[in-house]
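Structural features, examined
Below, each chain spelled out in residue letters.
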Amino acid sequence: MKRIYMDYAATTPTDPEVIKAMTPYFNEICGNPSSLHSFGQEAKHAVEEARGVIALFIGAGGDEIVFTSGGTEGNNYALKGVVNANIERGNHIITSSVEHHCVTETCKFLETRGLKVTYLPVDKYGVVDPEEVKKAITDKTILISIMHANNEIGTIEPVAEIGKIAKEAGVYFHTDAVQTFGHLPINVDELNVDLLSASAHKLYGPKGVGMLYIRKGTRIKSFMHGGDQENGRRASTHNVSGIVGFGKAVELAKESMENEAVIQTKWRDKLIKGILDKIESSRLNGHPVKRLPNNVNVSVEYIEGESMILNLDMEGVACSTGSACTSSSLEPSHVLLAIGLPHEIAHGSLRFTVGRFSKEYDIDYVLEILPKIVSKLRAMSPLYKKEKI
Amino acid sequence: MVDIKNYSEKVMEHFKNPRNVGEIDNPSGIGKVGNPICGDIMELYIKVEGNVIVDAKFKTFGCGAAIATSSMVTELVKGKTVEEALQISNKAVAEALGGLPPIKMHCSVLAEQALTSAIEDYKKKQGNK
Ligand SMILES: Cc1ncc(COP(=O)(O)O)c(C=O)c1O
Ligand SMILES: [Zn+2]
C-alpha cells in the first residue's frame, strides 16, 4: 500500500541535500569546534558558516544567533533566561492561550516560582488581539511571548503589531517561530522581536537542532551552564553535523519557500473546500486566510478523531488529531478549546499538513477516502442519529 | 500521543469490523453511558428472552479502544444469563481483546458501565410489569 505523509507540522523528512551536506561532519570532519587544532577549526568554520546563513536569512547579526537542541530549548531559554535576568525589574509575563506546550508548561513552572502570567484569550480563529496585549501590560511586565503561527490550527498571529506595542512599552518580546521559520519570510526588525525560536526539523533539517535569536543588548541569563561555547550563552559541544544540516536547510528554504507557499496554499484551499463540500457538518478550524500555507484543520461533527486517524492510517494516510483520547492527559487540545469549540467537536478534529514532497494526488486521495470513513463512523455514532431523526 | 500501533491485532480486527452495530427495536434494556466532555459515548441495546440475553447491539462515539470494546462486549453477553452478564468486567472485555494499552483501559470501563446500565434498565422494566 502507498503511504501518504500529511503530518509535516509534526516534523518533516530531512531533505536528501541536507543529509549530503551533513554526512562529512560525522567522521571526515570530526573535530570539536572548541579545539585549537585544524580538526577543530574545520568544524568551527562549518558552524560559523551555518550561523552566517541563518542570521542573514532573518536579518540578524551572527552574534545574535545561539544554537540550541530545538524549539523546546529555545522557548525554555527565552522565557527562563529573560525572567532570571530581569526579575528585579518585574515579575509579570504575557502570553496567549494557544501557545505550544513548551511555552505554556514553562510559564506554569515559572508561576510556581512566583511569577505572574497572563494567558490572553484568542478570537474564534485563534488570533490574539494586539489591543488586549497592550491592556495587559503593567509596570511589572518584563516579557511578552506570542507565537508566530499556531502549530495546530495554522493561524498566523499579528506578531509585528504586538512587537511594536512591546517596543513602545519597553518590554521584551519573544516569538515562537517554529512553524513559520523556513516557510514564511521573517525579518527580526520588521517583526519587532527581541527573541525568536526556530527548529530545524520543521524545515527539512535534522531533528534535535534549532536556534534562538537574541537581539543584541537583551538582558538574558544562560540556562545551560558549562563550557564557554556560544560566547558562554549555551554550553555543550556543538551538534556540528546538525548545525551544518540546519544551515543547508535554510539555504534550500531561501530558494524554494516562496514557490512552495504558492503551491501549498492552492492544495490547502482545495482540501479545505473539498472536505467542507463533501462532508456535511464539518468545519474549518483556524483563520481562513491568515494561516500557514500547508495547514488544514477541520472538525467533523458526531465522530471522534482517533477513530478517523486509525481508519486513515489503514488507508495509508498519516495525519493528526486534537482529540482527548490520543493525548495522555485525556484532555482535548487546549487550542481547540481556546477558539471556543465544544469538547465533542474538539474531539472530532483532524489536522492535515502538506510539504515539499507532497503531491496533488495526496489531496485527491484524502478527498476520496475521508467521506467514506466519516460515513462509516457516523453510522456507528449515537450522536449522529439523535441529530438526524 | 498514543502510538496507534500499540493496539493488539484483535482490537484492530474488532475496530475494522465491529460486530453488532446498530439498535434493537423494542429492546429489553438500554444502557447509555459516557459524556461528550470526556470523549467516549456508548449506547448498548439488549434483548432478553427467558433471562438469557439473545441479542445485543451498540452505537459508540469514541476512539479505537471504545469501538473495539463495545463490539467485544456485545459478543461476550450473547447467550449469557443476566446474572452471568453482570459478572463481565471491563478487564474481562480488555482481556478478550488481547489487552489494551494502559492509557486506554478507561475506555473499556464504558463497556462495563453500559452493560450494567442496560441490565438495570431491563430489571426496572421487568419490575414495572
Ligand atoms: C510551535 C512549536 N513550538 C515548539 C515546538 C517544539 O520544537 P522541538 O520539537 O524542536 O523541540 C514545536 C514542534 O513540535 C512547535 O510546533
Ligand atoms: Zn477512548
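These remarks concern the structure in this document.

So, how was this worked out
Numbering of residues starts from 1 in each chain and follows the order in which that chain's sequence is written. Here chains are named by letter from A upward and ligands by number from 1 upward, in the order in which they appear as written. Only residues with pLDDT of at least 70 get local features here, since the model is predicted, and only at 80 or more are side-chain atom pairs given and counted; chain-wide, interface and lining totals rely on the full set of residues. Based on all heavy atoms of the structure, the side-chain values leave hydrogens and waters out of the count. Every definition here rests on a 1 Å grid over the protein atoms only: cavities are sets of points where a 1.4 Å probe fits but cannot get out, pockets are open sets enclosed by protein on both sides within 12 Å along at least five of seven lines, and lining residues have some atom within 4 Å of a point. Grid points are joined across faces, edges and corners, and a volume is the space filled by probe spheres set on the points. A pair of strands is treated as paired once DSSP finds two or more bridges between them. What counts as a helix is a DSSP run of H or I of at least four residues, what counts as a strand is a run of E of at least two, and both are numbered from the N terminus. Interaxial angles span 0 to 180 degrees and are taken between N-to-C directions of axes, which are lines fitted to C-alpha atoms, for helices over the stretch in contact. Whether two residues touch is decided by their heavy atoms; if any such pair falls within 4.5 Å, the residues are in contact. What makes a salt bridge here is a side-chain nitrogen of Lys or Arg within 4 Å of a carboxyl oxygen of Asp or Glu, nothing more. Relative accessibility thresholds used throughout: buried, under 20% of the residue-type maximum; exposed, over 50%; partly exposed, between the two (1.4 Å probe, protein chains only).

**Structural notes on empty space enclosed by the protein**
For the coordinates displayed, the defined rule picks out one cavity of 30 Å³ or more. Computed from the structure, the largest cavity encloses a volume of approximately 150 Å³.

**Some remarks on the sheet that holds strand 1 (residues 29-34) of chain B**
All names here are of chain B. Spatial ordering of the open sheet is given by 1-2-3, a layout of three strands whose pairing is antiparallel. At either end of the open sheet lies a strand with only one pairing partner, and these are strand 1 and strand 3 (52-61). On average, each strand axis in the sheet is inclined to that of its neighbour by 15°, with strand direction left out of account. Bridging between strand 2 (residues 41-49) and strand 3 involves nine bridges; their strand directions are antiparallel. Its bridge partner being in strand 3, Ile46 is matched across the sheet by Ala56. Across the sheet, helix 2 (residues 64-77) touches strand 2 and strand 3, and the angle it forms with strand 3 is around 170°.

**Some thoughts on the pattern of salt bridges**
Counted according to the given criterion, the structure contains 26 salt bridges over all chains. In this structure, A:Arg234 engages A:Glu73 in a salt bridge whose closest nitrogen and oxygen atoms are separated by 2.6 Å. Of the two residues, A:Arg234 sits in the loop between strand 8 (210-214) and helix 7 (240-278) while A:Glu73 sits in helix 3 (residues 71-86), which places them 161 residues apart along the sequence. With respect to class, A:Arg234 is no different from A:Glu73; both count as buried. A salt bridge links B:Lys59 to B:Glu23; the nearest nitrogen and oxygen atoms lie 3.5 Å apart. Of this pair, B:Lys59 sits in strand 3 while B:Glu23 sits in the loop between helix 1 (9-16) and strand 1, and the two are 36 residues apart along the sequence. Given the relative accessible area of 11%, B:Lys59 is considered buried. What emerges from the salt-bridge pattern is a single network uniting A:Asp15, A:Glu260 and A:Arg356.

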